[in-house]
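Analysis of the macromolecular model
Chain by chain, the residues:
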Protein chains: 2
Amino acid sequence: MDLSPHTDLDVADLHPAVGDPALNSMNFLNEVAQRYPDAVSLAAGRPYEEFFAVADLHRHLETFRAYLADDLGYGPAQVHRALFQYGRTKGIIHDLVARNLAVDEEITVDPESIVVTVGCQEAMLLVLRALRAGPADVLLAVAPTYVGLTGAARLVDLPVRPVAGGPAGIDLADLRAQVRRARAEGLRPRACYVMPDFANPSGASIGLADRRRLLDLAAAEDLLLIEDNPYGLFHADGAGRVPTLKALDTGRRVVYLGSFAKTVLPGARVGYLVADQRVRDADGTVGPLADQLAKIKSMVTVNTSAIAQAVVGGALLAHGCSLVAANTRERAAYARNLRHLVDGLARRFPDPSPVRWNVPAGGFFAVVSVPFPVDDALLRRSAEDYGVLWTPMAHFYDDTAPVAALRLSISAVTPGQIDTGLDRLAALIADELARSPVPVARG
Amino acid sequence: MDLSPHTDLDVADLHPAVGDPALNSMNFLNEVAQRYPDAVSLAAGRPYEEFFAVADLHRHLETFRAYLADDLGYGPAQVHRALFQYGRTKGIIHDLVARNLAVDEEITVDPESIVVTVGCQEAMLLVLRALRAGPADVLLAVAPTYVGLTGAARLVDLPVRPVAGGPAGIDLADLRAQVRRARAEGLRPRACYVMPDFANPSGASIGLADRRRLLDLAAAEDLLLIEDNPYGLFHADGAGRVPTLKALDTGRRVVYLGSFAKTVLPGARVGYLVADQRVRDADGTVGPLADQLAKIKSMVTVNTSAIAQAVVGGALLAHGCSLVAANTRERAAYARNLRHLVDGLARRFPDPSPVRWNVPAGGFFAVVSVPFPVDDALLRRSAEDYGVLWTPMAHFYDDTAPVAALRLSISAVTPGQIDTGLDRLAALIADELARSPVPVARG
């Protein structure tokens, strides 16, 4: 190695992922947020904080302890072992997760098909690690794509090919074309990653008819679907919810990823996956894909913290395993904020305007399109000179083409902060329009 | 894919790690333990359970909350954010971990060089993922090797080459030879993994003089050392402790892996790494290797559960950040058990005997050598017919050669259980000696 005396390693000597934009994107966004703590953040996707209470942690722990002792009949030594010791690789709240899926999602799964993970991020990593068997394997993902998916794919050397999203959430013709193009190139598309409900970052949702078509297409093309559903509970209008792909999945085509970060608390770092695909092992035995993923998990994190699982388990038990019931106040706050954002945009950019935005049916995010490129330099200027943070949509595309759009989040702010943030954003956009009136391609 | 109608995938379509012995080893051992719950287990490496109390979880959480509020001056909103929300990728108890390393290990590190991880297993995965930059990279590891290291290496496609361990803990001449052999083959040995204190599984420790020689050799050969230290506190005799490699490391040659599983509780799944190596980034800036590893962590688990960190942080604070002080009772129990095991072996296999064992200076494990191969079939018979569990040493070698040794653990049993277990083991060995008196090679 040719190093200056002050360094021990060169980043070029490390796995290429550490230099990849996908892994540096979050770092950059966090750094900007930390440098401008007084800016109004329409960037943060973390959940609403108003309802957090430390007493709840103690209460949930005690609820779960009582469940082990009273409902499951554990003696004190067994309770200690469950909470303090190494535990089952696939988790200790799998039965409660299965009940939650039945109650809230009408998804019926064998608890043995569930792996409780360290947040949804670990679930993604496990699935992608398993599916990347060799250099011909590729992943398809609806673009724009959650950056955590792209980052996990980088860590397992799995190329990601974009599938057009669009206002309907997924362009099924493009999915079919991408599958066939990959195969024509000698590649093996292993799965398509999709967030059908109020996607991060687009806010788009897939309608019921398209969900059925997507499942049919997956069967016809022999493709797995990876369904990521962190925001599904948070519909914002009276129309109610659309069934998840997994609820409609009769052919075991869907690996379902769940998160308790938005529905219980991020600090527990508890998520899960449902992988009921039947895998034939080398010795001819057949078991759920979850068992293969658990083997990988045993070498990533051994098992998910029992204490963290206990807190989430207690929260589930407190509401009959319904997170819909547990999140009545939160859902109302998010719906109120999303309406406030969309109404605020309409007031500040009345027709005719070169500024456009979508009107999501729920979730945390909306996308604003502007007639100029939105890059990291503009975000820095927005933070420094205008006091408002948002997320350049370019971070969610896996190429370097300019993107003329930004993501706004409503999850961790008040209506008053939304107003202040939008006023500042409108000032920034007005100044930018005065500077560069030239339209650009991607919106 | 050519599948029978009842399966969706074939294991051959998944990453080869899932079929690897290293990943199936723990599964097999757990399965045997579950099938024979009434057998005495001299296999389990989990910590002593007698001192666990659910009230401690609540107390530690409250201690950490009070530390945030009173010592760090956090307001209620900041406390909620720290405990409930997504957090700093490198962790929130890094200052306490640095204090612990100073107090207990005389290791002085910048807290910014620490990454708090989901157990030591994630720490291993992050380091190996970073170091595996390309197909020429290999890892050296002292054999026999902790199976979690081998498994993590499999997940990142990093070949592991054994370095002879032996009674001195590491054969330095063999390490030099292996480094040179790998380089002669066009390979790049990135690091050598070593557990210098009371290693799992061998029980061997490296003496002070050899530690210094190992550091010199690492400098001369431009090699990193990965020091894994889960058992260092648990010395069993009056001789006291030997400084860790990291405490002796003046050249930033050592990446140090720490675990709170044995010193606080496994159920938190909190470990850490110290990586103060200076890395030059693509833009010329220089920062600790910890920052590069944190980027990887952000795509594996995002951050370590704040609640789990709070429990461990509270436990550290309760004892002035000294785990030596926190583990007085535990250390005495392990030392008593280890003496009881070694004395019990001596009584049951008096000289002259073909059965031999080492006398570790501490830790959880000792190795018994016998004059016949010890395989999984023998373990099953031991569990079924003799009612005693132990671990075949073959699981800790990365090849298929027969191994005539087994590992005994004293960490989760009473002296009475050790007596019962040894009586049963002696009966098994006597029967085996009667069946197959032929000596085999590796002991």
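All figures in this text were calculated on a predicted structure; none of them were measured in a lab.

Below, the discussion takes up the overall build of chain A. Scanning chain A from N- to C-terminus turns up 15 helices and 16 strands. For 443 residues, the compact-globule formula gives about 22 Å, and the C-alpha radius of gyration of chain A, at 22 Å, lands near that figure. Principal-axis analysis of the C-alpha atoms gives chain A an extent of 70 × 60 × 55 Å. A buried classification covers 61% of the 443 residues belonging to chain A. By sequence separation, contacts in chain A at least 24 residues apart represent 74% of the contacts at least 6 residues apart.

So, on to the environment of Met393 of chain A. Structurally, Met393 of chain A is set in the loop between strand E15 (391–392) and strand E16 (405–409). Setting aside residues no more than four positions away along its own chain, Met393 of chain A makes contact with Pro144, Pro201, Val367, Val403, Ala405, Leu406 and Arg407 of chain A.

The next thing to look at is the pattern of salt bridges. Side chains that differ in charge, positive against negative, can pair when their charged atoms come close. All chains considered together, the criterion is met by 66 salt bridges over all chains. The closest approach of N and O atoms between Arg252 of chain A and Asp8 of chain B, which form a salt bridge, is 2.7 Å. Residue Arg252 of chain A is located in the loop between helix H9 (245–248) and strand E8 (254–259), and its partner Asp8 of chain B is located in the segment before strand E1 (9–10); the two belong to separate chains. According to the relative accessible area criterion, Asp8 of chain B is buried, its value standing at 18%. For Asp419 of chain B, the salt bridge goes to Arg348 of chain B, with nearest N and O atoms at 3.6 Å. Of the two residues, Asp419 of chain B sits in helix H15 (residues 415–435) while Arg348 of chain B sits in helix H13 (residues 328–348), which places them 71 residues apart along the sequence.

This part is about the nonpolar core. The biggest cluster of nonpolar side chains holds 254 residues, and the ones touching the most others in it are Trp390 and Leu408 of chain A together with Trp390 and Leu408 of chain B. Not counting the four nearest positions on each side in its chain, Trp390 of chain B is found in contact with Leu42, Ala43, Val374, Asp375, Leu378, Leu379, Ser382, Leu406, Arg407, Leu408, Leu425 and Leu428 of chain B.

Residue and element names in this part refer to chain B. Where H13 meets H15, the axes come as close as 10 Å, and the angle between the chain directions of the two elements is 30°. Considering their axes alone, H13 and H15 lie roughly parallel with respect to each other. As for how H13 packs across H15, the hand of that crossing is right-handed. Mapping the contact onto sequence places Arg336, Asn337, His340, Leu341, Gly344, Leu345, Arg347 and Arg348 in H13 and Pro415, Ile418, Asp419, Leu422, Asp423 and Ala426 in H15. Each residue belonging to the contact of H13 with H15 can be placed in one class, and the counts come to six nonpolar, three polar and five charged.

Residue-level contacts link 91 residues of chain B with 91 residues of chain A. Together chain B and chain A conceal approximately 8,000 Å² of surface at their shared face, both sides included; 60% is due to carbon and sulfur atoms. Area buried by chain B at its contact with chain A is led by Phe84, Arg280 and Met299 of chain B, which between them contribute 11% of it. At the boundary of chain B with chain A, the tally comes to 10 salt bridges. The shortest N-O distance in the salt bridge between Arg81 of chain A and Glu49 of chain B comes to 2.9 Å. At the boundary of chain B and chain A, one finds 49 residue pairs in polar contact (both at pLDDT 80 or more).

All names here are of chain A. Across its 13 residues, helix H11 (residues 306–318) extends 18 Å between first and last C-alpha, which sits within 8% of the 18 Å expected from 1.5 Å per residue. Most of H11 sits inside the fold, with 11 of its 13 residues counted as buried. Of the positions making up H11, those classed as buried are Ala306, Ile307, Ala308, Gln309, Ala310, Val311, Val312, Gly313, Gly314, Ala315 and Leu316. Just beyond H11, the residue with positive phi is Gly320, at close to 55°.

Our next topic: the side chain of Thr7 of chain A. Examined against the element boundaries, Thr7 of chain A turns out to sit in the segment before strand E1 (9–10). Each residue touching Thr7 of chain A, except ones within four places of it in the same chain, is listed here: Arg278, Arg280 and Val286 of chain B.

The two copies are related by a screw operation: chain B maps onto chain A through 180° of rotation and 0.0 Å of translation along the axis, at an RMSD of 0.0 Å. Viewed as a symmetry operation, the transformation between the two copies matches a two-fold axis. Comparing interface residues between copies, 100% of those in chain B also lie at the interface in chain A; the contact surface is shared.

This part covers helix H15 (residues 415–435) of chain A. Since the α-helix turns once every 3.6 residues, residues separated by three or four places project in the same direction. Residue and element names in this part refer to chain A. Between its first and last C-alpha, H15 extends 30 Å over 21 residues, near the 30 Å set by a 1.5 Å rise per residue. Of all the residues in H15, the buried ones are Ile418, Gly421, Leu422, Leu425, Ala426, Leu428, Ile429 and Glu432. Contact partners of the buried residues in H15: strand E2 (40–41), helix H13 (328–348), helix H14 (376–386), strand E14 (388–389) and E16.

The positions that UniProt labels "domain: Aminotransferase class I/classII large" (unreviewed entry) are, in the present scheme, residues 97–425 of chain A. As a span, residues 97–425 of chain A carries 40% helix and 18% strand, and end to end its C-alpha atoms are 41 Å apart.

What follows concerns the sheet that holds strand E5 (residues 160–164) of chain B. Across a sheet, paired strands are connected by hydrogen bonds in the backbone, their directions being either parallel or antiparallel. Residues and elements named next belong to chain B. Strand order in the open sheet formed by seven strands is E3-E9-E8-E7-E6-E4-E5, with mixed pairing between adjacent strands. Edge positions in the sheet fall to strand E3 (114–117) and E5, since each of these pairs with one other strand and no more. For this sheet, the mean angle separating the axes of adjacent strands, direction not counted, is 20°. As paired elements, strand E8 (residues 254–259) and strand E9 (residues 271–274) share four bridges and run antiparallel to each other. Looking at E9, one finds that Tyr256 is bridged to Val274. Packed on one face of the sheet, helix H10 (residues 289–298) meets E3, E8 and E9 and runs near 25° to E3.

Moving on: the side chain of Glu432 of chain B. Residues and elements named next belong to chain B. You can see Glu432 is positioned in helix H15. A polar contact is formed between the side chain of Glu432 and the side chain of Arg381, at a distance of 2.4 Å. If near-sequence neighbours (up to four positions away) are discounted, Glu432 is found in contact with Phe372, Leu378 and Arg381.

This part takes up the sheet that holds strand E12 (residues 356–357) of chain B. Residue and element names in this part refer to chain B. Spatially, E12-E13-E16-E15 is the arrangement adopted by the four strands of the open sheet, whose pairing is antiparallel. Each edge of the sheet is formed by a strand with only one pairing partner; in this case those strands are E12 and strand E15 (391–392). Judged from the five bridges that link them, strand E13 (residues 365–369) and strand E16 (residues 405–409) form a sheet pairing that is antiparallel. Looking at the pairing, Ala366 lines up with Leu408 of E16.

Our focus in this paragraph is the domain arrangement of chain A. All names here are of chain A. Under the domain assignment used here, chain A contains domain 1 (11–50 + 328–435) and domain 2 (59–325). With centres defined by C-alpha atoms, the gap from domain 1 to domain 2 works out at 27 Å. On the domain 2 side, the residues contacting the 30 residues of domain 1 number 30 residues. Both faces considered, domain 1 and domain 2 share a buried interface measuring about 2,400 Å² in area, 62% of it formed by carbon and sulfur atoms. Here domain 1 and domain 2 share two salt bridges between them. A salt bridge links Asp398 to Arg154; the nearest nitrogen and oxygen atoms lie 2.5 Å apart. Linking domain 1 to domain 2 there are 11 residue pairs in polar contact (both at pLDDT 80 or more). Of all the secondary-structure elements, those providing two or more residues to the side of domain 1 that touches domain 2 are helix H1 (21–35), H13 and strand E13 (365–369).

Moving on, we come to unusual backbone geometry. Trans is the common state for peptide bonds, and a negative phi is the common state for residues other than glycine. Residue Ala143 of chain A is joined to Pro144 of chain A through a cis peptide bond whose omega torsion reads -5°. Residue position: Pro144 of chain A is located in the loop between strand E4 (137–143) and helix H6 (147–155). Note that the residue after Asn200 of chain B, namely Pro201 of chain B, is joined by a cis bond; omega there is 15°. Inspection of the secondary structure assignment puts Pro201 of chain B in the loop between strand E6 (188–194) and helix H8 (208–220). Positive phi, normally seen in glycine, also occurs at Glu106 of chain B, with a value near 55°.

About the thresholds
- Residues numbered from 1 in each chain as written.
- Chains lettered and ligands numbered in written order.
- Predicted model: local features only at pLDDT ≥ 70, side-chain atom pairs only at ≥ 80, totals over all residues.
- Heavy atoms only, no water.
- Helix = DSSP H or I, 4+ residues; strand = E, 2+ residues; numbered from the N terminus.
- Rg over C-alpha atoms; globule rule 2.2 N^0.38 Å.
- Buried < 20%, exposed > 50% of the residue type's maximum accessible area, 1.4 Å probe, protein only.
- Contact = heavy atoms within 4.5 Å.
- Salt bridge = Lys/Arg side-chain N within 4 Å of Asp/Glu carboxyl O.
- Core = buried A, V, L, I, M, F, W, Y, C linked by side-chain atoms within 4.5 Å.
- Axes fitted to C-alpha atoms, helices over the stretch in contact; angles between N-to-C directions.
- Parallel < 35°, antiparallel > 145°, perpendicular 65-115°, else oblique.
- Left-handed = near helix turned anticlockwise from the far one by under 90°.
- Nonpolar A, V, L, I, M, F, W, Y, C, P; charged D, E, K, R; others polar.
- Buried area = accessible area lost by both parts, 1.4 Å probe.
- Polar contact = N/O pair within 3.5 Å; in protein donor to acceptor, adjacent residues only side chain to side chain.
- Expected span 1.5 Å × (residues − 1).
- Least-squares fit on C-alpha atoms with pLDDT ≥ 70 in both.
- UniProt positions renumbered as here; feature names shortened; annotations may be inferred.
- Pairing = 2+ DSSP bridges.
- Domains from an automatic or database assignment.

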